[in-house]
Amino acid sequence: MAEMTAMMQDTITALVEARKYNTVRDVMVTMNPADIAAVLEDVSPAVLPVVFRLLPKELAAETFVEMSSENEELLIRAFSDSELKAVVEELYADDAADIVEEMPANLVSRILQQADPAFRKTINEILKYPEDSAGSIMTTEYVDLHPDMTVTAAMAHIRRTGVDKETINTCYVTEKKGRRLVGAVSIRTLLLADEDATVGDIMKTNIVSVSTLEDQEAIAQLFSKYDLIAMPVVDGENRMVGIVTVDDAIDVMEEEVTEDIEVMAAITPTDKPYLQTSVWRIWASRIPWLLLMMVSATFTGLIISSFESALAVLPVLTAFIPMLMDTGGNSGSQTSVTIIRGISLGDIEFRDIFRVMWKEFRVSMLCGVCLAVCTSAKILLVDFLLLGNGTGNWPENFLVAAVVGVTLIVTVFAAKLIGCTLPLLAKKIGFDPAVMASPFITTIVDAVSLLVYFAVASAIMGSYM
């Protein structure tokens, strides 16, 4: 796909340079708006406005919405007022609001100046809602019907008003006075219903709706749960305000997953693609977390230093420290990622914490014993017997293998306990559970595994230390 896009970019650039504008237009009108935006993403700033102006008005508006904010800004600066007005008139309210949010103040004023007063009011209303809420991602372009409409009247209303709506697949039924949401009816139901039937007779009343302040991540989960293509948004009095469409829900899912991945990797989330993010911005998003984890990792150094005399007597114990720390970190990461995913999907709540702990206890015992047996066998047969890295005293060697094995069991148990409880506790007190993923849990488990290791070693091999 990337190779095809690069080839198209070279072709379009060559055609523009050769002034074969009709050919460029003929090629572009056969493409999907998202594909056109991808092709135009990396063309030169001189070529971009030329190609965009060749697109038909409706296709140009659909392509504009799919573009990166950098290219949108470049085009707005290149547009005349009439060109900008033509694009703005073709945008849906939610898309226009998204664009306005990302533009500098001087360009925002230009965009709003080209919008008619009613459209400008709608954009401003959307922008007033909290970020990441249903109100901030909804569109106000939906088809509304009334319960006493006949099917014939409803179809005529859809034909008359539907051309400007984002979707007509589902129409929402509201009271004539007050716009209170009372039901929904699909276009399929209307087409198959008797012409004299009323909308109130054929509508569904058990509809899923959300409030304007509902979190966008929760909305995306509802789309997945109920297989919706649109969801009505209502105010505190159940009055219809707008709809969230499935394309917006998919964008939210992608945004939330990206944010969780970045937080789990100890990176401050950014809203720009990697190749469009400056080196300084990437540095700024990573260095605070690295500094924090470096400081927290000093605890492991202090623990090792405090057992320096024991390691001097039995230096063979030092060789297994990295393996124990890595195994503990990996065990904790496995559990935390599983729990964080369960929390994000709504499968796991804080009230399930003891069920989760009991399950992870059993899993940790199975994993710990399996790892302990395999590792102890490997230490005795490979490290000590074949490679001769032991102490030279076989009773001592057996005790070292036992120390490592017991430590593994306890470490895996502790790691999985920490990995399953920290995300749930974070969610309970209002933090993002993803913050408690790999880096933090690994740092904590590293310290725990060392403390366990030296405690077990002192208990089992105290006479040798």
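This one's a predicted model, so the numbers in the text were calculated from it and none came from an experiment.

How each quantity is defined
- Residues numbered from 1 in each chain as written.
- Predicted model: local features only at pLDDT ≥ 70, side-chain atom pairs only at ≥ 80, totals over all residues.
- Heavy atoms only, no water.
- Phe/Tyr/Trp six-rings, centres within 6.5 Å; stacked < 30°, edge-to-face > 60°.
- Helix = DSSP H or I, 4+ residues; strand = E, 2+ residues; numbered from the N terminus.
- Buried < 20%, exposed > 50% of the residue type's maximum accessible area, 1.4 Å probe, protein only.
- Core = buried A, V, L, I, M, F, W, Y, C linked by side-chain atoms within 4.5 Å.
- Contact = heavy atoms within 4.5 Å.
- 1 Å grid on protein atoms, 1.4 Å probe; cavity = no way out; pocket = protein on both sides within 12 Å on 5 of 7 lines; lining within 4 Å.
- Points joined across faces, edges and corners; volume = space filled by probe spheres on them.
- Nonpolar A, V, L, I, M, F, W, Y, C, P; charged D, E, K, R; others polar.
- Pairing = 2+ DSSP bridges.

Quick word on the packing of aromatic side chains
Moving on, step 1. Applying the stated criterion across every chain, the model contains seven aromatic pairs.
Moving on, step 2. When the ring of F52 is compared with that of F79, the centres are 5.5 Å apart and the planes differ by 40 degrees; the resulting orientation is tilted. Pair noted here: F52 is in helix α4 (residues 47–54) and F79 is in the loop between α6 (69–78) and α7 (81–90), with a separation of 27 residues, a long-range link. An identical accessibility class is assigned to F52 and F79; each is buried.
Moving on, step 3. Look at W358 and F361: their rings are 5.8 Å apart centre to centre, the planes differ by 15 degrees, and that puts the pair in the stacked class. One end of the pair is W358 and the other is F361, both in helix α20 (residues 353–386) and three residues apart, which spans about a single turn.
Moving on, step 4. On the accessibility criterion, W358 (47% relative accessible area) is partly exposed.

Concerning unusual backbone geometry
Moving on, step 1. Phi is positive for R19, close to 60 degrees, though the residue is something other than glycine.
Moving on, step 2. Looking at the element boundaries, R19 is found in the loop between α1 (2–17) and α2 (21–28).
Moving on, step 3. The phi dihedral of D132 falls on the positive side, at around 70 degrees, and the residue is not glycine.
Moving on, step 4. Relative to the helices and strands, D132 is located in the loop between α10 (117–128) and α11 (134–137).

Concerning the nonpolar core
Moving on, step 1. If you look at the biggest cluster of nonpolar residues, it comprises 44 residues, and the most contacted ones within it are M28 and F52.
Moving on, step 2. The contacts of M28, once residues within four sequence positions are left out, are I12, I36, V39, L40, V51, L55 and L59.
Moving on, step 3. Among the nonpolar cores identified, the runner-up in size contains 23 residues, and L317, F320, L324 and V404 belong to it.

Comments concerning the layout of surface pockets
Moving on, step 1. Considering only enclosed or pocket space, the second largest pocket measures out at about 480 Å³ in volume.
Moving on, step 2. Lining the second largest pocket are 21 residues, and of these E217, I343, S344, K427 and P433 sit closest to its centre.
Moving on, step 3. Mapped by element, the contributors of at least two residues to the lining of the second largest pocket are α15 (216–226), α16 (246–264), α19 (321–344) and α21 (394–428).
Moving on, step 4. Taken together, the residues of the lining of the second largest pocket sort by class into nine nonpolar, three polar and nine charged.

So, the sheet that holds strand β1 (residues 144–145)
Moving on, step 1. Reading across the sheet, the three strands line up as β1-β2-β3 and stay open at both edges, with mixed pairing between neighbours. Edge positions in the sheet fall to β1 and β3 (181–186), since each has one partner strand and no second.
Moving on, step 2. Of the pairings in the sheet, the one linking strand β2 (residues 170–174) to β3 comprises five bridges and is antiparallel in character. Residue pairing for β3: Y172 is matched across the bridge by A184.

Function cannot be read off these values alone, since they describe shape.
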